[in-house]
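# Summary of structural features
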Amino acid sequence: MAVPVAFFALFFAYPVTAIVGRGLKAEGDWQFGRIGEVLSRPDILDVLWFTTWQALASTALTLLIALPGAYVFARFDFPGKQVLRAFVTVPFVLPTVVVGTAFLALLGRGGLLDELWGVRLDTTVWAILLAHVFFNYAVVVRTVGGLWSQLDPRQEEAARVLGAGRFAAFRRVALPALAPAVAAAALMVFLFTFTSFGVVQILGGPAYSTLEVEIYRQTAQLLDLPTAAVLTLVQFAAVGGILAVHAATVRRRERALKLVDPAQTSRRPRGAGQWALLGGVLLTALLLILLPLVVLVERSFDGPGGYGFGYYEALQSVGAGGSSTFLVPPLEAVGNSLRYALVATLIALVIGGLAAAALTRRAGRLVRGFDALLMLPLGVSAVTVGFGFLITLDKPPLDLRTSWILVPLAQALVGVPFVVRTMLPVLRAVDDRLREAAAVLGASPLRAWREVDLPLVRRAVLVAAGFAFAVSLGEFGATVFIARPDNPTLPVAVARLLGRSGELNYGQAMALSTILMLVCAVSLLLLERIRTDRSGEF
C-alpha cells in the first residue's frame, strides 16, 4: 500500500488541500465563516439546486431507457450481440468534450434538428439530460445486465408454475436480487452526472452551471478562490457520501446469490413480445447512440465547398483562417494525447496493480478506507486538482509546472480506479493455496506473483490497460489547466476550437472529435475481444 498511498497523497490530497487552504485562509488564519457566506448566496444556491436535480433526472431517465437494454443483453442471444455490446459501451469511454460536441452537431445551431425542423435544444436542459443518458447508458447495461445474466431463470419459472404472473414473478424473485446492482448503477450514474463538466460546459451555455462548471468559472475566470474552495468542499462531501452508499450496495451485491453460467440463461427471443422488445432496444441504441456519432462524423466532412477533407487538412496548419487558437498545428494534439495516455496508462497500471494486490491480501477498516480513497478522483473536482498542480508542484524537488509529466500524472489519477476495479475481482478469485504451494517449493514472493498470479490475471491487466488508456485519452477537467499551449491534448484542442467563433474552427472541432472518437472506439473493440466476462462489474 505504500506506493499507492504516497502517490495519492502527493498528487491528489496535497494539491486539493492546498487549493482549499488558499481559499479558506486569510493572513494565516482559517476563515470558516466563508462557508456560510458562500452557501447563502442566491446564485450559489441555484447552482447547487440545478446540480442536484439534473443529476436525479439524468439518473432516472438513464434507468428508464437502459434497464430494457440490460434485460435484452442478459437474457437474449442474437447475431451481433458482442459487437452491439461493445458499440453501446463506446460512449462511456468517450471524452465528455466529444459527447458534448456530438450533441451540439445534432441539437445545436445548424445541427440536424435545426436543419430538418428548425428546432434547437442546445442551451436547454434537455440537451444535457440526453447527453448524460448517452454517456451513462452502458453503466446500467453492463452493471445490471452482468448480474442479470447470472441469475438462475428457473427461480422465476418456479414462481410462474406456482401461479404468479410474469410481472409478479419478476417483482418478487428477480427484482430483490437485482436491487443492489440497480442501486449501484444508479449511484454511479448520479456520481458522474453530479460532477458533470464537459457536457454542461458545451451544451448548457451560460444559463446552466453544475458545481464543477462553477468551480472552473470561479477559479479560471473570476479568480475567486474562496468561493471555489467552498464549492470544492461541498462537492467533496457529496461525493464521499455517494461513494459510501455505493460501497454498501456493492457489499450487498457480493453476498451469496445462486449464480449460474451466463451461457445457460441466454436464448433466442420467443414470441412477438420478446422480438418487439429486442427491436425497441436496437432502435433506442440507433437513435440515442449511433445518430449523434454519425452526425458528428458527417459534420466533420461537410465543408463550405461541399463534402471533403477540408477541415482535416486545416488541422495541419497553424492559424488557418486567421485563427490564433494554437501555437502548433491542431493535428499535433493527436500525437500529444497518445503519448500522454500511454505514459498515464503505465503509471495507472503500476499504482493500480499494487493497490489491487494490497486490497486482495488485507482486510479491515483501514483497507476499506483505502479502497474508497482510490475512487475519489472520479468524483472530486478535476478542475481543483489541475489548478492545485499549478500552485503546489512549483518548487524543487517537485517543480513540474513546465514538465511534460504533469499531464500524465493528472490523467493517471482517473485511470487508477478503473485498473483497481478491473483487477480486484480477478485477483480475489486466485486460490491462495497456489501461492502457498509456490512458497513451499521455494519461490520468493516476487517469483510466486510472476508464476502464479500474472498468468491468471494477464487478460485482466490488458483490459485494465485499455480502460486506463481510454479515460486518460479523454481527461479534460484537470488537463485544461496544465496542458501547455504548444502541447495541447485532443480534448483541450476541441474545447479551444469550440470556444472560438467561425465555421472553420467549428469544423476543425468536429474533425478532431471524430479522430478522438475513432481512437476510443478502436481501443474498446480491442478490449471486447480480450475481456474476461466474469461478473457484472463494469
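The structure presented is a predicted model; accordingly, all values stated were derived computationally and were not measured. (Residues numbered from 1 in each chain as written. Predicted model: local features only at pLDDT ≥ 70, side-chain atom pairs only at ≥ 80, totals over all residues. Heavy atoms only, no water.)

We now examine empty space enclosed by the protein. According to the stated counting rule, one finds seven cavities of 30 Å³ or more in the structure shown. The calculated volume of the largest cavity comes to roughly 590 Å³. For the largest cavity, the lining is made up of 32 residues, of which Thr96, Phe135, Phe192, Leu378 and Val414 are closest to its centre. Among the elements that make up the lining of the largest cavity, the one with the highest residue count is helix α7 (residues 125–148) (four residues). (1 Å grid on protein atoms, 1.4 Å probe; cavity = no way out; pocket = protein on both sides within 12 Å on 5 of 7 lines; lining within 4 Å. Points joined across faces, edges and corners; volume = space filled by probe spheres on them. Helix = DSSP H or I, 4+ residues; strand = E, 2+ residues; numbered from the N terminus.)

The next thing to look at is the side chain of Thr219. Within the secondary structure, Thr219 is located in helix α11 (residues 211–221). Side-chain polar atoms of Thr219 contact the backbone oxygen of Ile215, separated by 2.7 Å. Other than its neighbours up to four places away in sequence, Thr219 contacts Leu225, Ala228, Phe387 and Phe481. (Polar contact = N/O pair within 3.5 Å; in protein donor to acceptor, adjacent residues only side chain to side chain. Contact = heavy atoms within 4.5 Å.)

Two side chains carrying opposite charge are able to pair once their charged atoms lie near each other. Inspection of every chain in the model, using the stated rule, returns five salt bridges. Among the salt bridges present, the one from Asp43 reaches Arg41, with a minimum N-O distance of 3.0 Å. Since its relative accessible area comes to 33%, Asp43 is described here as partly exposed. Exposure remark for Arg41: the relative accessible area of 26% places this residue in the partly exposed category. The salt bridge partner of Glu214 is Arg217, with a shortest N-O separation of 2.8 Å. (Salt bridge = Lys/Arg side-chain N within 4 Å of Asp/Glu carboxyl O. Buried < 20%, exposed > 50% of the residue type's maximum accessible area, 1.4 Å probe, protein only.)

What follows deals with the side chain of Ser513. With respect to the helices and strands, Ser513 occurs in helix α24 (residues 503–530). When near neighbours in sequence (up to four residues on either side) are disregarded, Ser513 contacts Val98, Thr101, Leu296 and Val494.

Function cannot be inferred from these measures alone, as they are strictly geometric.
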